[in-house]
Amino acid sequence: MSSLSTPATGGSEPLLLLLDPVARQTDGESVRIAKDVLCGGADVKVAYPESPSELDRVLSHRGRRRPVVIGSDLALQRVLQALHRHRELGADPVGMVPVGRSEELAAARALGVPGEPVPAARAVLAGAPRKLDLLVDDDGGVALGGVRIAGAGARRLIGRPGGWRSLWAKLAAAEQANALTPEAAEQSSRIRVEADGRLLADVHRPVRLVQVSLPFGASDGSGVMEVVVRAPGALVRARAASVSVAGRGFGYEVDGRPVGPVRARTWTVHPGAWGLLLPAA
């Protein structure tokens, strides 16, 4: 169940602090330190959403408060997803204090979020918002770090529980229910991939891996994604504003979270769609 509290008032913008339950279990001390720093410098309301529906409710009642995530990349992705769903993604910059295992914080590192709780919290209080691109699919989903489609012969990537527990219990059950047979896996590798209308792969040749990512750091705001297609004996790279994948049924991963199977999906870059509070230059 979600709970709210209102600690001390400071001179910064009012904040809505979203504590990922998994972060509290993984590194409760870092969570406590970050919370203390933030509560000492701003008017903070603290929430502990344990499901997507609770997250939606808390965000919809935040008023003027800036959302601040304490948790993993996936926790941040879930907040961006909720804000996008409510058409409020660009309304306020989002803050983040990364807490979790190293492999769960790759996007935060790439985006320039400080890795330790005190400097990360200070960046939330006194940093500057930076506009960033976001991948959005034609079903309304968002991707922070990228998308991976693993075909036959490639290791299937199963996301670790880095977000709210009830959500991940459902995803784990869905993953088991949708486990592919060898025949289905071979079928899922027969996909058509187009980037800005340019054909990168077709169904006559199996695809081992498709990777779609935003070029963090070097080209923020460029409005393009990087696409890599690996097939037996071939490697194709492209930069595009939109990529479409179609097949008889394929699964994919968004920021380590399994989705599908689906028959078609298109991802488009939304330039400068959201703002992240980062240390001031």
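Use the structure listed above.
Owing to the predicted nature of the structure, the values given are computational and were not obtained by experimental measurement.

Caption draft 1: Main features of the packing of aromatic side chains. One pass over the full model with this rule turns up two aromatic pairs. Centre to centre, the rings of F250 and Y252 are 6.4 Å apart; their planes meet at 45 degrees, and the pair counts as tilted. Note on accessibility: F250 and Y252 belong to one class, buried. Ring centres 5.1 Å apart and planes at 90 degrees place the aromatic pair Y252 and W267 in the edge-to-face group. Highlighted residues: Y252 in strand 14 (residues 242-254) and W267 in strand 15 (residues 257-278), separated in sequence by 15 residues. There is no split in this pair, since Y252 and W267 are both buried. Ring pairs connect the aromatic residues F250, Y252 and W267, which therefore count as one cluster.

Caption draft 2: Up close: the nonpolar core. In this structure, L18, L59, L76, L80, L134, W274 and L276 are the most contacted members of the largest nonpolar core, which totals 29 residues. Looking at this core, the elements with two or more residues in it are strand 2 (15-19), helix 3 (52-60), helix 4 (73-85), helix 5 (106-111), strand 6 (128-137) and strand 15. Per-element tally for this core: the top contributor is helix 4, with six residues. The residues touching L276, leaving out its near neighbours within four places in the chain, are V94, M96, L111, V113, A128, P129, R130 and L132.

Caption draft 3: Representation of the packing of helix 3 against helix 4. Remark: helix 3 packs on helix 4, axes separated minimally by 10 Å, with the N-to-C direction vectors making an angle of 60 degrees. The pairing of helix 3 with helix 4 is recorded here as oblique in orientation. Relative to helix 4, helix 3 is oriented so that their crossing is right-handed. Contact residues: L55, D56 and L59 in helix 3; R78, V79, A82, L83 and R85 in helix 4. Of the residues assigned to the contact of helix 3 with helix 4, the class counts are five nonpolar, no polar and three charged.

Caption draft 4: Region of the structure containing the packing of helix 2 (residues 28-41) against helix 6 (residues 117-126). One can describe the packing of helix 2 onto helix 6 by two numbers: an axis separation of 9 Å at closest approach and a directional angle of 30 degrees. Accordingly, the angle class assigned to the pair helix 2 and helix 6 is roughly parallel. Both helix 2 and helix 6 take part in a crossing whose hand is right-handed. Here S30, I33, A34, V37, L38 and G41 of helix 2 lie close against helix 6, whose contacting residues are P117, V118, A121, R122, V124 and L125.

Cut-offs and rules
Residues numbered from 1 in each chain as written. Predicted model: local features only at pLDDT ≥ 70, side-chain atom pairs only at ≥ 80, totals over all residues. Heavy atoms only, no water. Phe/Tyr/Trp six-rings, centres within 6.5 Å; stacked < 30°, edge-to-face > 60°. Buried < 20%, exposed > 50% of the residue type's maximum accessible area, 1.4 Å probe, protein only. Helix = DSSP H or I, 4+ residues; strand = E, 2+ residues; numbered from the N terminus. Core = buried A, V, L, I, M, F, W, Y, C linked by side-chain atoms within 4.5 Å. Contact = heavy atoms within 4.5 Å. Axes fitted to C-alpha atoms, helices over the stretch in contact; angles between N-to-C directions. Parallel < 35°, antiparallel > 145°, perpendicular 65-115°, else oblique. Left-handed = near helix turned anticlockwise from the far one by under 90°. Nonpolar A, V, L, I, M, F, W, Y, C, P; charged D, E, K, R; others polar.

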